[in-house]
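# A structural walkthrough
These are the residues of each chain, in order.
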Amino acid sequence: MGGEVEITEQKKPRFLCLHGFRTSGHILKTQLQKWPEFVVDKLDLVFPDAPFPCTGKSGVDGIFDPPYYEWFQTNQDFKEYTNFDECLDYIQECMIKHGPIDGLLGFSQGAFLSAALPGLQAKGLALTKVPKIKFLIIISGGKLHKKALSEKAFSEAISCPSLHILGEMDFLKPNGTELLESFVNPIVIHHPKGHTIPRLDEKGLESVLSFIEKIQKEVTNQEDKLDLVFPDAPFPCTGISGVDGIFDPPYYVWYQPNKEGVLFISCIAFTSQGFDSNKSTKNKISNYNQRWQVKD
């Protein structure tokens, strides 16, 4: 009699999907219907609208119904941005609301944003309140045209698994080709069309399925692991510890009830900051002791 085989249910990677310039989340969802349903169903996709209503004529007017939205605004040569920081804050809000988000899928303006965000996040310039972006799907993308932002975003190679889709007739193909140089081992799909989300031919379908299978395994394996952090409480013990003689000191407390709640507020502030492994907990405790005049 053969041994039992344990079957692990694959978790669907969740992607926040950033639509193109002056379109919408609904339009991007419709565009992705060109892909086989069994492919799209392997992903958990969220389609927010960009934060700003369209400020000019949409390129899809007459093809898709309004309303249309844009992530941020640019000048005529696309090198000066307006509302970019507000855009980043909005994306973070979406990631918190719909989280946990594993990756970003972007088309056109949404793809330019998606490609830049892992690098900006790694430098603490964006998405500081959410887990790091693990995966990218970039369709008709490139590097941000604003040089200062682009240099920060791509000063180091982006190492997260990434899938890039480039159209031979797409006016953004040179941008997408240049972008590949900033990624480690990107998976690339070429198609003969222009600035669009293409149907997948046999080779493209194989590449997409291979990419999804890879990231499914990563997400499933990560879900099985706990990342535990054990900080000391912010205040030194002010009395006898119940574990004295069992465990060696020092001992700490989170707050002291006889302080009328003042130190409880300090405790909440301490935990909300999170535990910074780059700074010793004792230094942080010392700072709190000085601030609240706590005596040993």
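Residues numbered from 1 in each chain as written. Predicted model: local features only at pLDDT ≥ 70, side-chain atom pairs only at ≥ 80, totals over all residues. Heavy atoms only, no water.

You'll find the chain entered in an unreviewed UniProt entry as FSH1 domain-containing protein, with Heracleum sosnowskyi given as the organism.

### What to know about the overall build of the chain
Note the following rule: The helix count covers DSSP runs of H or I at least four residues long, the strand count covers runs of E at least two residues long, and both are numbered beginning at the N terminus. Here a residue-residue contact requires only that any non-hydrogen atoms of the pair lie within 4.5 Å. Here, Shrake-Rupley sampling with a 1.4 Å probe gives the accessible areas, and only protein chains in the shown set may cover a residue.
Along its length, the chain carries nine helices and twelve strands. In the chain, of all internal contacts separated by at least 6 residues, the share reaching a separation of at least 24 is 70%. As displayed, the chain has an accessible area near 17,400 Å², and 52% of this comes from carbon and sulfur atoms.

### Quick word on the pairing of strand 8 (residues 135-139)
Where we set the bar: Any residue under 20% of the maximum accessible area for its type is buried, any over 50% is exposed, and the rest in between are partly exposed; the area is computed with a 1.4 Å probe on protein chains only. At least two DSSP bridges between two strands are required for those strands to pair. The handedness rule is simple: strands pointing away from the viewer, and a clockwise path from the first strand over the helix to the second, make the crossover right-handed.
Across the five residues of strand 8, five count as buried, placing the element largely inside the fold. Sheet topology note: the strand 7 (residues 103-107)/strand 8 ladder contains five bridges and is parallel. Counterpart to Leu104 in the pairing with strand 8 is Leu136. Pairing of strand 8 with strand 9 (residues 162-167), which is carried by four bridges, proceeds in the parallel orientation. Counted as the bridge partner of Ile137 is Leu163 from strand 9. Following the backbone out of strand 8, through helix 5 (residues 147-153) and into the adjacent parallel strand 9, one traces a crossover that is right-handed.

### Some points on the pairing of strand 1 (residues 14-18)
With respect to burial, strand 1 is a largely interior element, four of its five residues being buried. Sheet topology note: the strand 1/strand 2 (residues 44-46) ladder contains three bridges and is parallel. Along strand 2, the bridge assignment pairs Leu16 with Val46.

### Considering the packing of aromatic side chains
When we look at a pair of aromatic rings, we describe it by the centre distance and by the angle of the planes. Spelled out, the test is: Each pair of aromatic rings taken from Phe, Tyr and Trp, with Trp reduced to its six-membered ring, is defined by centres within 6.5 Å and is described as stacked if the planes are under 30 degrees apart, edge-to-face if over 60, and tilted in the remaining cases.
Following the criterion strictly, the structure yields four aromatic pairs and no others. Relative to Phe84, the ring of Phe72 has its centre 5.1 Å away and its plane inclined at 80°; by these criteria the two rings are edge-to-face. In this pair, Phe72 is assigned in the loop between strand 4 (69-70) and strand 5 (73-74) and Phe84 in helix 3 (residues 84-98), connecting sequence segments twelve residues apart. Phe84 shares its class with Phe72; the two are buried. You can call Phe84 buried: its relative accessible area is 6%. Taken together, the aromatic side chains of Phe72, Tyr81 and Phe84 make up a single cluster linked through ring pairs.

### Describing the environment of Thr220
The following threshold applies: Any N or O atom pair separated by 3.5 Å or less is treated as a polar contact, with the protein-specific requirement of one donor-capable and one acceptor-capable atom, and with residues adjacent in sequence counted only for side-chain atom pairs.
One can find Thr220 in helix 7 (residues 202-223). Through-space distance from the C-alpha of Thr220 to that of Lys11 is 5.3 Å; in sequence the pair is 209 residues apart. A polar atom in the side chain of Thr220 sits 3.0 Å from the backbone nitrogen of Lys11.

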